[in-house]
Amino acid sequence: MSTKKQEYKKTGAQEHKSTGTQENWQPKIIAFLCNWCSYAGADLAGVSRIQYPPNIRVIRVPCSGRINPIFVLKCLQNGFDGVLVSGCHPGNCHYISGNYYARRKFAILKTLLEFIGIEPGRVQFSWVSAGEGEKFAQVVEKVADDVKKLGPAKRFVKRI
Amino acid sequence: MQSLENELKECARKLLTEKKVDLIIGYKKGALPLRSTPCFIREEKDVDSLIFDFTCSNNLATYLQKSKLAEHRTPNTENHGKIGIIAKACDARAIVQLIVEKQVKKEDITLIGIACTGILDLKKVSDGLDGKEILNYKLQNGEVLFQGKDFKKPLKLSDILCDVCKTCLNPDPSVYDSFIGEPISGAKTEIVDKLEGLSPDERWEYFEREISKCIRCYACRNACPLCYCEECVVDRTNPQWFGKSTEFSDTFTFHITRMLDTAGRCVGCGACIRACPTHVDLAPLGIKIEKEIKERFGYTAGLSLDVIPPMATFDEDDKQEFIM
C-alpha cells in the first residue's frame, strides 16, 4: 500500500514540474476582441462548430481603439504567454475610425516590443470581421502555434 | 561665447524695456561649476545674470506647461502675460510641440532662438576626471581645461558632449522670433540607432542592465517638456496600473509607457537622460520610436506649427504588414 502511495505522489510531482516546461505545457493567451466584429467572429466560429485551440481567454472590448498599450504590457507582466488583439477591417469600424487610430498605436507598440527583445510571436494583431468564423479559428490556431513554439513567457513577467 | 551672451542680454533687455514681454525665462549660473539653473526675469536690472553655454542643460519648454504657467502669473493680473523664452534647438522644438498640442498660445510666447553646439554630459566629465571635484574650467580650442584642488586635466569637448547632442538632427531652432548667434549648417539627416546591429537577446540584456538602475524617482518625467498630464498614469491608484516597487518589470513598464505616451511628440532633447541620477540610458527607446514614426508616418516632432501630431490622426493607407 505504502509503496503505491509513494509512487503516485512521485508521478504527481513530476507531472506538476513538467507543466511548466515540456510537452504538457499549454500556453495562456489573452485575446482582446472587438465587440462588433472579432467577438461576433468568435461566436460564429463557435456556432459553426469550427475547432480551434482552447488556449485563449477572451476579453470583449467596444473597439480595437479601446486597447491601451498598457493593457498589453500588463498582460505580459502578469504572466500571459501571448496576447492577441483583434478588431474590424479598415473601413468597417463601428465608430468610423477607431481601428485606424488603433493601427498606429499597434504599429509603434509592436516595433518597440520587438526592439526591447520580446519575441515577435508573443503579441499579435488581426482584423477579423463578424462573418469570418473560419478566419478567427485560423488566427487563434496560428497564435497558439507561435506561442507554443516560443515556450512560456519569461521576459517581462513580474517576479514579486 | 562672450559676444553670444552679450547679444542675448541685449535682446532680453530690449524685449523687457519695450514691454513686449513680462517675463524672460533663461539660464543663470548655478551654485557649482558646470551647473546652470533656470531663471525667471521680470526686471531689466536682472538681465545681466543671463548666461548661455554648454552647461545649460535644462529644457526650458518644461516651464511652459500649463501647470507651471500658473506659477508665472504676472503681479496684479489674472494670467501669465507674455513670455520670452531662450530656446536652443531642442527647446524650440518642444515649445513648437506644446503650441501644436494647444498647451500654450503662440501669441503669448516670444522665442529667442540661440545657436547651440551641444550640452555637456556631466557623467562623461566625471568619468573623465575619475570623479574628482571640479573647481574651475576653461574652454579653449575645442578642449575644456578642468581644474581641481590638486589636478589640472584637459578633456576634448567632443568627448564630453551628450550623445543626443552629437547626433542632433536639427541644431538650429525650427521656429523663432529672433535669433542669437550664427546658424549652424550641416544638419544630419539620419537618426542614429546604436543598438540596431544587436540581436534581440543582446538588446534585452542591454535594457535589463540599464532599466535595473532606475530608482523610480520620476526625474525623467518631471524634466520632460512634453510630460504634462495633470495626473500621470503611474501615480494613479484606482485602478493602479503600475506597481510601486523598483521590481524590473514594473520599472520597465513605466518607461515603455512613458515612451509610448510621448511617441510622435518626443523631440529627443535628452532632458530625461540628463536628469537621471542613476544615468539610465533611455535614448535607444526614444530614438527607435522617433525613427519608426518618421518611416511610417513621415513625421518629425516640433518642426512646424501647423501639423497634427501623428498619433492624433491617421491615414487610411497606413502600412499594416504586421496585422493578420
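Residues numbered from 1 in each chain as written. Chains lettered and ligands numbered in written order. Predicted model: local features only at pLDDT ≥ 70, side-chain atom pairs only at ≥ 80, totals over all residues.

Draft legend 1. Region of interest: the overall build of chain B. Counting its regular elements, chain B contains 10 helices and nine strands. The C-alpha atoms of chain B give a radius of gyration of 20 Å, which matches the 20 Å a tight globule of 324 residues would have. On the principal axes, the C-alpha backbone points of chain B span a range of 65 × 55 × 40 Å. Taking all 324 residues of chain B together, 37% fall into the buried category. Looking at chain B alone, contacts between residues at least 24 apart form 70% of all its contacts between residues at least 6 apart. (Helix = DSSP H or I, 4+ residues; strand = E, 2+ residues; numbered from the N terminus. Rg over C-alpha atoms; globule rule 2.2 N^0.38 Å. Buried ≥ 20, exposed ≤ 12 C-beta atoms within 10 Å, placed from the backbone. Contact = placed C-beta atoms within 7 Å.)

Draft legend 2. Here's a closer look at the environment of Gly65 of chain A. Residue and element names in this part refer to chain A. Turning to its location among the elements, Gly65 is positioned in the loop between β2 (56–61) and α3 (69–77). By C-beta crowding, Gly65 is classed as buried, having 20 other C-beta atoms within 10 Å. With 33 residues separating them in the primary sequence, Gly65 and Phe32 have C-alpha atoms 11 Å apart. Setting aside chain neighbours within four positions, we find Gly65 in contact with Tyr95, Gly98, Asn99, Tyr101 and Ala102.

Draft legend 3. Molecular detail of the sheet that holds strand β4 (residues 123–127) of chain A. Residues and elements named next belong to chain A. Pairing in this open sheet of four strands is parallel, and the strands run β2-β1-β3-β4 from one edge to the other. Only two strands of the sheet have a single partner each, and these edge strands are β2 and β4. Recorded for the sheet is a direction-independent mean angle of 20 degrees between the axes of neighbouring strands. Of the pairings in the sheet, the one linking strand β1 (residues 29–34) to β2 comprises six bridges and is parallel in character. Within β2, the position partnered with Ile30 by the bridge is Arg57. (Pairing = 2+ DSSP bridges. Axes fitted to C-alpha atoms, helices over the stretch in contact; angles between N-to-C directions.)

Draft legend 4. Quick peek at the interface of chain B and chain A. Tallying the contact residues gives 30 residues for chain B and 33 residues for chain A. Listing elements by their share of the side of chain B that touches chain A, those giving two or more residues are α6 (200–211), α8 (248–261) and α10 (283–297) of chain B. Of all the elements, α8 of chain B adds the most residues to the side of chain B that touches chain A, at seven residues.

Draft legend 5. Just unusual backbone geometry, in detail. Between Asn238 of chain B and the following residue, Pro239 of chain B, the backbone shows a cis peptide bond with an omega angle of 0 degrees. With respect to the helices, strands and loops of the structure, Pro239 of chain B is situated in the loop between α7 (219–223) and α8. A positive phi angle, near 75 degrees, is found at Phe156 of chain A, a position not held by glycine. With respect to the secondary-structure elements, Phe156 of chain A resides in the segment after α5 (133–150). By the C-beta count within 10 Å, which is 22 here, Phe156 of chain A ends up buried. Located in the positive-phi region is Tyr218 of chain B, a residue other than glycine, with phi close to 65 degrees. Structurally, Tyr218 of chain B can be placed in the loop between α6 and α7.

Draft legend 6. Molecular detail of the sheet that holds strand β8 (residues 152–156) of chain B. All names here are of chain B. The antiparallel open sheet is built from three strands, whose spatial order is β6-β7-β8. The outermost strands of the open sheet, each flanked by one partner alone, are β6 (136–140) and β8. In this sheet, adjacent strand axes meet at a mean angle of 20 degrees when their direction is disregarded.

Draft legend 7. Local environment of the environment of Asn99 of chain A. Residues and elements named next belong to chain A. Looking at where Asn99 falls in the secondary structure, it is placed in helix α4 (residues 98–116). Among the residues examined, Asn99 registers 27 C-beta atoms within 10 Å and is labelled buried. Considering only alpha carbons, one finds Asn99 and Trp127, 28 residues apart in sequence, at a separation of 9.4 Å. What Asn99 contacts, discounting residues up to four positions off in sequence, is Ser64, Gly65, Gly87, Cys88, Pro90 and Cys93.

Draft legend 8. Layout of the pairing of strand β5 (residues 109–114) of chain B. Residue and element names in this part refer to chain B. Counting buried positions along β5 yields five of six residues, so the element is predominantly enclosed. In terms of handedness, the path from strand β4 (residues 83–87) via helix α3 (residues 89–100) over to β5 forms a crossover that is right-handed. Judged from the three bridges that link them, β5 and strand β9 (residues 178–180) form a sheet pairing that is parallel. The residue bridging Ile112 from the neighbouring strand is Ser178, located in β9. (Right-handed = clockwise from strand over helix to strand, strands pointing away.)

Draft legend 9. Representation of the domain arrangement of chain B within the structure. Entries for chain B in the domain assignment read domain 1 (2–120 + 164–180), domain 2 (122–160) and domain 3 (200–312). The centre of domain 1 of chain B, based on its C-alpha atoms, is set 27 Å off from the matching centre of domain 2 of chain B. (Domains from an automatic or database assignment.)

Draft legend 10. Just the packing of α4 of chain A against α10 of chain B, in detail. The geometry of α4 of chain A relative to α10 of chain B is characterised by a closest axis approach of 10 Å and an angle of 140 degrees between their N-to-C directions. Taken together, the axes of α4 of chain A and α10 of chain B are oblique relative to one another. Like other packed secondary-structure pairs, α4 of chain A and α10 of chain B cross with a definite hand, here right-handed. On α10 of chain B, the residues touching Ala107, Ile108, Thr111, Leu112 and Phe115 of chain A of α4 of chain A are Leu285, Lys288, Ile289, Glu292 and Arg296 of chain B. (Parallel < 35°, antiparallel > 145°, perpendicular 65-115°, else oblique. Left-handed = near helix turned anticlockwise from the far one by under 90°.)

Draft legend 11. Seen up close, the pairing of strand β2 (residues 36–41) of chain B. Residues and elements named next belong to chain B. With six bridges joining them, strand β1 (residues 23–29) and β2 adopt antiparallel strand pairing. What sits directly across from Ile25, in β2, is Phe40. Turn length for the β1-β2 hairpin, with the two strands adjacent in sequence and antiparallel, is six residues, and the turn residue Leu34 shows positive phi of about 70 degrees.

Draft legend 12. Seen up close, the environment of Val83 of chain A. With respect to the helices, strands and loops of the structure, Val83 of chain A is situated in strand β3 (residues 82–87). Along the backbone, Val83 of chain A and Lys154 of chain A are 71 residues apart, and their C-alpha atoms lie at a distance of 14 Å.

Draft legend 13. Region of interest: α3 of chain B. Residues and elements named next belong to chain B. In this model α3 runs 16 Å from its N-terminal to its C-terminal C-alpha over 12 residues, within 8% of the 16 Å that 1.5 Å per residue would give. Burial of α3 is extensive: 12 of the 12 residues sit out of reach of the surface. Along α3, the positions that sit buried rather than exposed are Ala89, Cys90, Asp91, Ala92, Arg93, Ala94, Ile95, Val96, Gln97, Leu98, Ile99 and Val100. Residues of α3 that are buried sit in contact with β4 and β5. Trailing α3 by a residue or two, Lys102 shows a phi angle of about 60 degrees, which is positive. (Expected span 1.5 Å × (residues − 1).)

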